[in-house]
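One letter stands for each residue in the lines below.
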Amino acid sequence: MQIQPDSKAHPIYTLDLNFLGIEGAIASYLIPHNHGAVLVECGPGSTIPVLQAHLNSHGFNVSEISDVLLTHIHLDHAGASGWFAKQGARIHVHPVGAPHLLNPQKLLSSAGRIYGDKMELLWGDFLPVPESQVVIHQDQELIEIENLTFRPLETSGHASHHFAYILDGACFSGDIGGVRMTGTRHIRLPMPPPEFHLESWRHSLEILRQEEISHIIPTHFGIFTDPDWHLAALDKALDDIENWMEEIMPQELPSEEFKAEFLKLESQRAQADNIDPHFSNVYRTANPPEISLLGIQRYWRKFRQGE
Ligand SMILES: [Zn+2]
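Every value quoted in this text rests on a predicted model; they were computed, and no experiment measured them. (Residues numbered from 1 in each chain as written. Predicted model: local features only at pLDDT ≥ 70, side-chain atom pairs only at ≥ 80, totals over all residues. Heavy atoms only, no water.)

Looking at the overall build of the protein
Per the secondary structure count, the protein includes 11 helices and 12 strands. A compact globule built from 307 residues would reach a C-alpha radius of gyration of about 19 Å, and the protein, at 18 Å, matches this within 12%. Dimensions of the protein, computed from C-alpha atoms along their principal axes, come out at roughly 60 × 40 × 35 Å. Of the contacts formed within the protein by residues at least 6 apart in sequence, a portion of 69% connects residues at least 24 apart. In the form shown here, the protein has an accessible surface area of approximately 13200 Å², with 49% of it arising from carbon and sulfur atoms. A distance of 4 Å separates the average location of the 21 positive side-chain charges in the protein from that of its 40 negative side-chain charges. (Helix = DSSP H or I, 4+ residues; strand = E, 2+ residues; numbered from the N terminus. Rg over C-alpha atoms; globule rule 2.2 N^0.38 Å. Contact = heavy atoms within 4.5 Å. Areas by Shrake-Rupley, 256 points an atom, 1.4 Å probe, with all protein chains shown as cover. Lys, Arg positive; Asp, Glu negative; His and termini not counted. Charge placed at Lys NZ, Arg CZ, Asp CG, Glu CD.)

Here's what the structure looks like:
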């Protein structure tokens, strides 16, 4: 898949990392420049061989990837960044995410508490990035790489250290743009602990709405040409989850019932959007409900309980 929004804009290639053998779950985006190319997101360590094969088929050696822009440092977006740094790339990141690239240990132990013995299978290695190759940016600061100019937008709500990046009219929305499978009009929210925050998410959507976006490009998954629909659907998804929380959370259900209620919500929303059931596996691979449930519980306890 490729777009070139107009003849003056830069081409963007979607690379499917085929995460866990599932198509269309995690993307990395390749943007060539005058002397090599940039990646927006590099995926986890476990999909490096797939990514490398994609780069070769587009005519690039890994050493020609000059820069990797990360929307945030969760393992499915940033896990391969240390490996790319080893091949010579600079890694661009939000200031709050940067310490975790220099020393991924804390990030890996908190992920380990969630994923247990599946860590290696899911994510592979997360090598540290040397300090000399970490490039920290502030909100709205222009990032000039050869003939490309990116602009990061501070967009918390999914994670507190999250950037969306603007290039021409394209918006790489990371996870703040939700999870939407190619060919669908259906959006789900990834709400992991410890930083999912509903009100911040709404604020971030306001920030995106102030941009003139021609293409919205979530990491999960693909390039969409209906940004107005997409942003409105994100608002609706936040409303849906907030209504659900207000109904369900005060009941303090046992965990199995709590999970069942959440799955019910997800399937009702999928049905309302006419989603073919074969997509449900892809949605769950890109955005496991178990993880969102942990994020929802934490958010509720910290910010809403006792209101
Ligand atoms: Zn994330």
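More follows now that the structure is in view.
Quick word on the packing of helix α7 (residues 198-209) against helix α8 (residues 227-248)
At a closest axis distance of 10 Å, the pairing of α7 and α8 adopts a crossing angle of 170 degrees. In this view, α7 runs roughly antiparallel relative to α8, as classed from their interaxial angle. Contact residues: α7 offers Leu198, Trp201, Arg202, Leu205, Leu208 and Arg209, while α8 offers Leu231, Ala232, Leu234, Asp235, Leu238, Asp239, Ile241, Glu242 and Met245. (Axes fitted to C-alpha atoms, helices over the stretch in contact; angles between N-to-C directions. Parallel < 35°, antiparallel > 145°, perpendicular 65-115°, else oblique.)

As for the environment of Trp229
Along the chain, Trp229 turns up in helix α8. Spatially, the C-alpha atoms of Trp229 and Arg185 are 8.6 Å apart, while their sequence positions differ by 44 residues.

Regarding the pairing of strand β6 (residues 90-93)
Two faces, one strand: in a regular strand the side chains alternate between the faces of the sheet. Summarising the sheet, strand β5 (residues 65-69) and β6 pair through three bridges and their orientation is parallel. Of the residues in β6, the one forming a bridge with Leu69 is His92. As paired strands, β6 and strand β7 (residues 134-136) are joined by three bridges and run parallel to one another. Bridging from a neighbouring strand, Ile91 pairs with Val134 of β7. (Pairing = 2+ DSSP bridges.)

A look at empty space enclosed by the protein
Per the stated rule, a full pass over the model turns up one cavity of 30 Å³ or more. Of the volumes computed, that of the largest cavity is approximately 100 Å³. Lining the largest cavity are Arg188, Leu189, Met191, Ala237, Asp240, Ile241, Phe262, Leu265, Glu266 and Arg269. Counting only elements with at least two residues in the lining of the largest cavity, the list comes to α8 and α9 (255-272). (1 Å grid on protein atoms, 1.4 Å probe; cavity = no way out; pocket = protein on both sides within 12 Å on 5 of 7 lines; lining within 4 Å. Points joined across faces, edges and corners; volume = space filled by probe spheres on them.)

Focus: the sheet that holds strand β10 (residues 163-167)
One open sheet holds the five strands; their spatial order is β8-β9-β10-β11-β12, and the pairing between them is mixed. Across the chains shown, the open sheet's two edge strands, defined by having one partner strand only, are β8 (143-145) and β12 (215-218). Across the sheet, the axes of successive neighbouring strands diverge by a mean angle of 25 degrees, strand direction being ignored. Pairing between strand β9 (residues 148-154) and β10: five bridges, direction antiparallel. Following the sheet pairing, Glu154 is matched in β10 by Phe163.

Some remarks on the coordination of the zinc ion
Within the first shell, the zinc ion binds the protein through His72 (NE2), His74 (ND1), His158 (NE2) and Asp175 (OD), at distances of 2.1 to 2.4 Å. One way to put it: the four donor atoms around the zinc ion meet at angles of 83 to 175 degrees, and that makes the site irregular. Taken in chain order, the donor set of the zinc ion reads H-x1-H-x83-H-x16-D. Taken together, the residues His158 in the loop between β9 and β10 and Asp175 in the loop between β11 (170-174) and α7 connect sequence positions 17 residues apart. The burial state of His158 is the same as that of Asp175; both residues are buried. (Donors = N, O, S within 2.8 Å, 3.2 Å for Na, K, Ca; no water. Tetrahedral: all angles 85-135°; square planar, octahedral: opposite > 155°, others 65-115°. Buried < 20%, exposed > 50% of the residue type's maximum accessible area, 1.4 Å probe, protein only.)

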